[in-house]
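# Results of the structural survey
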Amino acid sequence: MGIFACCSLLLLFSTAAEAGIVGVNYGRVANNLPSATEVVELLKSNGISHVKLYDADPPVLRALAGTGVKVVVTIPNEILASTAARPGFALAWVQRNVVAYYPSTQIQAIAVGNEVFVYPRNLTTFLVPAMQNVHAALSRLRLDGVIKISSPIALTALQNSYPSSAGSFRPELVSSVLQPMLEFLRQTGSYLMVNAYPFFAYEANADVISLDYALFRPNPGVVDSGNGLRYYSLLDAQIDAVFAAMSAIKYDDIKIVISETGWPSKGDADETGAGQANAAAYNGNLIRRVLSGNAGTPLRPQADMDVYLFALFNENQKPGPTSERNYGLFYPDEGKVYDVEFTLGGSNGGGLRWEDDRGKGSSTTLPPSSSSGTVRTSSTGESWCVANAMVGKARLQAAMDYACGEGGADCRPIQRGAACYEPDTVEAHASYAFNSYYQSKGRARGTCDFEGASYVVSQPPSKSPLSSRNPHPRSHIVRDLPDPVLGVTVNGHNLPPFLQPVGAVGRRVRYDVTCCVMWPVFRRCQDVSACSNIFYRPITVALWPCCRDW
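Below: a short report on this structure. (Residues numbered from 1 in each chain as written. Predicted model: local features only at pLDDT ≥ 70, side-chain atom pairs only at ≥ 80, totals over all residues. Heavy atoms only, no water.)

## Notes on helix α8 (residues 171–188)
The condition that has to hold: In DSSP terms, a helix is any run of H or I states spanning at least four residues, a strand is any run of E spanning at least two, and both are numbered starting from the N terminus. Here a helix's expected span is defined as the number of its residues, less one, multiplied by 1.5 Å. Any residue under 20% of the maximum accessible area for its type is buried, any over 50% is exposed, and the rest in between are partly exposed; the area is computed with a 1.4 Å probe on protein chains only. In this description, contact between two residues means that some pair of their heavy atoms is separated by no more than 4.5 Å.
Along its 18 residues, α8 runs 25 Å from first to last C-alpha, staying within 8% of the 26 Å computed at 1.5 Å per residue. Among all positions of α8, only L173, V174, V177, L178, M181, L182, F184 and L185 are buried. Where α8 is buried, its residues contact α7 (124–140), β5 (148–150), β6 (153–154), β8 (168–169), β9 (192–195) and α11 (234–248). In the stretch just after α8, G189 is the one whose phi turns positive, near 70°.

## Some points on the pattern of salt bridges
Pairing between side chains of opposite charge can happen when their charged atoms approach one another. Our working rule: Salt bridges are defined by distance alone: a side-chain nitrogen of Lys or Arg within 4 Å of a carboxyl oxygen of Asp or Glu.
As enumerated under the stated definition, the model contains 12 salt bridges in all. The partner of E41 in a salt bridge is K44, and the shortest N-O contact between them spans 3.4 Å. Placement of the pair is E41 and K44 together in helix α3 (residues 36–45), with a separation of 3 residues, close to one helical turn. Judged by its relative accessible area of 44%, E41 is partly exposed.

## Focus on the environment of A136
Note on placement: A136 falls in helix α7. For the pair formed by A136 and A90, sequence separation is 46 residues and the distance between their alpha carbons is 8.6 Å.

## Considerations on the nonpolar core
Convention followed: We define the nonpolar core as a collection of buried residues of types Ala, Val, Leu, Ile, Met, Phe, Trp, Tyr and Cys that are connected through side-chain atoms lying within 4.5 Å of one another.
With 106 residues, the main nonpolar core has V73, I110, V112, F169 and L192 as its most contacted residues. When residues in this core are grouped by element, the largest group, 9 residues, is from α11. Here I110 is in contact with V73, I75, W93, V98, V134, L138, I147, K148, I149 and S150, once residues within four sequence places are set aside.

## What to know about the pairing of strand β13 (residues 306–310)
Selection criterion: Between any two strands, pairing holds if DSSP finds at least two bridges. Handedness of a crossover is defined as follows: orient the strands so they point away from the viewer, and if the path from the first strand over the helix to the second runs clockwise, the crossover is right-handed.
β13 sits mainly inside the fold: 5 of its 5 residues count as buried. With 4 bridges joining them, strand β1 (residues 22–26) and β13 adopt parallel strand pairing. Residue pairing in the sheet places G23 in a bridge with Y308 of β13. Pairing of strand β12 (residues 256–261) with β13, which is carried by 3 bridges, proceeds in the parallel orientation. Note on β13: the bridge partner recorded for V257 is D306. Note that the unit made of β12, helix α12 (residues 276–291) and β13 has a crossover that is right-handed.

## Considerations on the state of the cysteines
As used in these notes, a disulfide is a covalent bond between sulfur atoms, one from each of two cysteines. Spelled out, the test is: Cysteine sulfur atoms are paired as a disulfide whenever they fall within 2.5 Å.
Applying the stated criterion across every chain, the model contains 2 disulfides. Linked covalently through their sulfurs, C385 and C448 form a disulfide whose S-S length is 2.1 Å. Classification of the bridge connecting C385 and C448 rests on its S-S torsion, roughly 85°, and on that basis the disulfide is right-handed. Of this pair, C385 sits in strand β14 (residues 384–387) while C448 is found in the loop between α14 (426–440) and β15 (454–457), placing the two residues 63 residues apart along the sequence. As far as the burial class goes, C385 and C448 line up, both buried.

As structure tokens, then:
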């Protein structure tokens, strides 16, 4: 039974877990940022619907009014002690910074402090009392049912984080603050905010941690020796370590929100891994994974995940190494540091941007055609996306890397040991990945292309003669062509018999081999521009005409 018989038809009928949300952290440790009004327009124009602030700045909250953007405000660490000691202070803060703007500004949560456990001043004892006083203020104002309270913790709150199943909190924090805080979150129906940065772990252990593992790219995975679960991303392993630590103290029912995560686009010479390409891969792959509903971890596979990327802007006044000033998605002039979309698909019909042209090439695609040039469709209107083995393993692998990474396809079933790992061939795995992506995009036009590495079929691949092992059956492309002499190879391309050159027709010209092999929909030989411009970015070679004047 083929790979599609095993798995791919499930993609048509199963529903993904409810997608989480992706927001951004709007930090302002800089002297060159645009005005709050300009920032709000930037958020709206990029489809950013959730934002987290490190304070409750009045101009920002006013600018966000009426936009529908969901907002998290923060009580800074500097006033945590006063908030804990004086209920009246907490009430006044809520009235001044929440009630004054809500509901026109859609404040949905209050972060009480930020990484309190690693703050230079020891504020640990103030945290839970401050959270309780803020909640009491919200209750008094009848807002406790619509505005949640939490406090972001750093992974330094963990005593152990590897393997993930051995995750545990630092003993000195458990009874003094973590258990009371988690109990508060449970009683109020809130969630734990966690700041998690795979970059730091990779930078410090690049000799043993795979970059692909850190960037959500396809990789062999890492097996947790404690529970046997296989992890394919470092962020999953970090979050599951927190889940395990909570479970160890009997709080395994509390949701986690990733309140900060990101990757720097620039760093010092010793900051291994910092760079624009890696930052784009990390954030882009994470966004697509969350929005496609595939953000569950091995320990919590059905859980959705809400994520806030750090950060909106590069902030030029942040202290520390160069990376600290280069986590932004945007420069202060509002230009993108790198291209990343906050919605699935974007403007290019499916976000097919896995090669260096970043989507500038053609993304138009057509299924195999009949001799009349019309698209064949099944009687049910269904279609599938399969690999084009003719392009070679390297291009299939590159396209599959995109589909499983930035593209957000669910490729877990084709990982080693999973249900659809066999047959273990690039073509079979690519067909699964391409079809997962295609079905997740609603089979929209342009989402089965991958620069010519795939194409659409109208019969289930498990039943059709069109399979990854025999991707070019004559009857699925053109009919009634005479078979010329077998065994012709042109520039390393083994042409199928019905498309091999049979002699010169007119003058010798340059043709796109991929196009000629895959899509001979014209009744006569056509100029290469007519072929490549419609279907693919040209891969031209000098070639005798591969169609005949019949």
